[in-house]
Amino acid sequence: MDIYDMHCHLNEFQENELEEIFKSNIKVAAVSEDIKSLNKIIELSYSYPKNVIPCGGFHPWMIKEGKTEEVKIILKIIEKNGLKCIGEVGIDKRFLSEDTYKMQEEIFLLFVNLAKELNAMINIHSPNAWNEVLNILKNKEVKKAMFHWYTGPLTLIDQIIREDYVISLNAALMIQKKYQKIIENTPLSSVVLESDGPYNYHGVRLSPLMLYKFIDFISGIKKVERNTIISTTSKNAMKLLSLSF
C-alpha cells in the first residue's frame, strides 16, 4: 500500500529528489504558504497526478513577510481548483509576536470557513495555539482537520480525537525525544504521518523518504506490525482527502 506524507513543502525539492520520492510509492499532501508556492504545487500536481495532492494555504509566518494581500487570491485559487486540502494555515503563538495574533486569527477563520464550504481537510500549523485552534474548529463545525507536527499537551489529544480530528506525527520525532510520548498516547486510528520536508530540524533535512524508517520507529514504540501502521495511516489520510480506498 502507498505511504502518505500528509505535510510536505514539495515545491522546495529538486527534480531528481522528486523522482526518488515518487519511485518509493509515496503520495504527498503538498502544502503551500503563499501564491508562488501554491502555483508551483498545482504545477507539480499536473506533472505527478498520481502522487501529489495540492494544498492551498497561507502560512502565518507570511504575515511578517508582508504578504497579507495574497490571502484573497489564494482563497480564490483554492475555490477555483476545488482543492481537497487547505494548508498550511493556522495560528502561531510560539514563533510570532503577540501583535500579530488578531490578524492571524482573522486570516485563519477565512480558510476555516472555506474548508467547511468545500468539505476540504484543513492542514493546521498551531504551535502554542493548539487549544485555541481546536476551539475554532469545533465552533465552526469543521469536519476534517489535521494537527500538523503535533507537539501539544498530551491532555488535549483525547479532545482532538473526540472531534474526529487527526494528529500528524512528524519523522523528526525519532530525534525529538521529549515529544515521543505523543506516539504512545495517540491511537493509530487517529494518526497520519508527515515529513515537513525539506525543513532542517537540528541539522537533519527532513524528507518523505524518512517515513519508512519512521514507520519502523513507531512500530517499536507501539508494538504494532509495520504493515498495520502503513495501512491504517494511509486509510486515515485517504479519508481526510476524500479519496476512495
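Residues numbered from 1 in each chain as written. Predicted model: local features only at pLDDT ≥ 70, side-chain atom pairs only at ≥ 80, totals over all residues. Heavy atoms only, no water.

Caption draft 1: Local environment of the state of the cysteines. Enumeration according to the criterion identifies one disulfide in this entry. Lacking any disulfide linkage, cysteine 8 is separated from the closest cysteine sulfur, that of cysteine 55, by 10 Å. (Disulfide = S-S within 2.5 Å.)

Caption draft 2: Quick look at empty space enclosed by the protein. Counting across every chain of the model gives one cavity of 30 Å³ or more. Volume-wise, the largest cavity comes out at about 40 Å³. Of all the elements in the fold, those that place two or more residues in the lining of the largest cavity are β4 (85-90) and α4 (101-118). Looking at the lining of the largest cavity element by element, the count peaks at four residues for α4. A breakdown of the residues in the lining of the largest cavity according to their chemical character gives seven nonpolar, two polar and no charged. (1 Å grid on protein atoms, 1.4 Å probe; cavity = no way out; pocket = protein on both sides within 12 Å on 5 of 7 lines; lining within 4 Å. Points joined across faces, edges and corners; volume = space filled by probe spheres on them. Helix = DSSP H or I, 4+ residues; strand = E, 2+ residues; numbered from the N terminus. Nonpolar A, V, L, I, M, F, W, Y, C, P; charged D, E, K, R; others polar.)

Caption draft 3: Expanded view of the nonpolar core. Core analysis: the largest hydrophobic core is formed by 61 residues, its most contacted members being Phe108, Phe111, Ile122, Leu137 and Phe214. Top contributing element to this core by residue count: α4, with six residues. Among all residues touching isoleucine 122, those that are not within four sequence positions of it are Ile86, Val89, Phe108, Phe111, Val112, Ala115, Leu137, Val142, Lys144, Ala145 and Met146. Residues Ala29, Val31, Ile53 and Val166 belong to the second largest nonpolar core, which totals 15 residues. (Core = buried A, V, L, I, M, F, W, Y, C linked by side-chain atoms within 4.5 Å. Buried < 20%, exposed > 50% of the residue type's maximum accessible area, 1.4 Å probe, protein only. Contact = heavy atoms within 4.5 Å.)

Caption draft 4: Representation of the side chain of histidine 9 in the model. Note on placement: histidine 9 falls in the loop between β1 (3-8) and α1 (15-23). Beyond its immediate sequence surroundings of up to four residues, histidine 9 is in contact with Val31, Glu33, Glu88, Asp196, Gly197 and Pro198.

Caption draft 5: Fine view of the packing of aromatic side chains. The tally for this structure, following the rule as stated, stands at seven aromatic pairs. A network of ring pairs unites the aromatic residues Trp130, Phe147 and Tyr150 as a single cluster. A cation over a ring is seen here: lysine 64 above tryptophan 61, with NZ or CZ 5.3 Å from the ring centre. (Phe/Tyr/Trp six-rings, centres within 6.5 Å; stacked < 30°, edge-to-face > 60°. Lys NZ or Arg CZ within 6 Å of the ring centre and 35° of its normal.)

Caption draft 6: Inspection of helix α2 (residues 35-47) at higher detail. Compared with an ideal rise of 1.5 Å per residue, which puts 13 residues at 18 Å, α2 spans 19 Å between its outermost C-alpha atoms and is within 8% of the ideal. Residues of α2 that are buried make contact with α1, β2 (26-30), β3 (52-56) and α3 (71-81). If you check the start of α2, you find a side-chain oxygen 3.4 Å away from the backbone N of lysine 36, and it comes from aspartate 34. (Expected span 1.5 Å × (residues − 1). Polar contact = N/O pair within 3.5 Å; in protein donor to acceptor, adjacent residues only side chain to side chain.)

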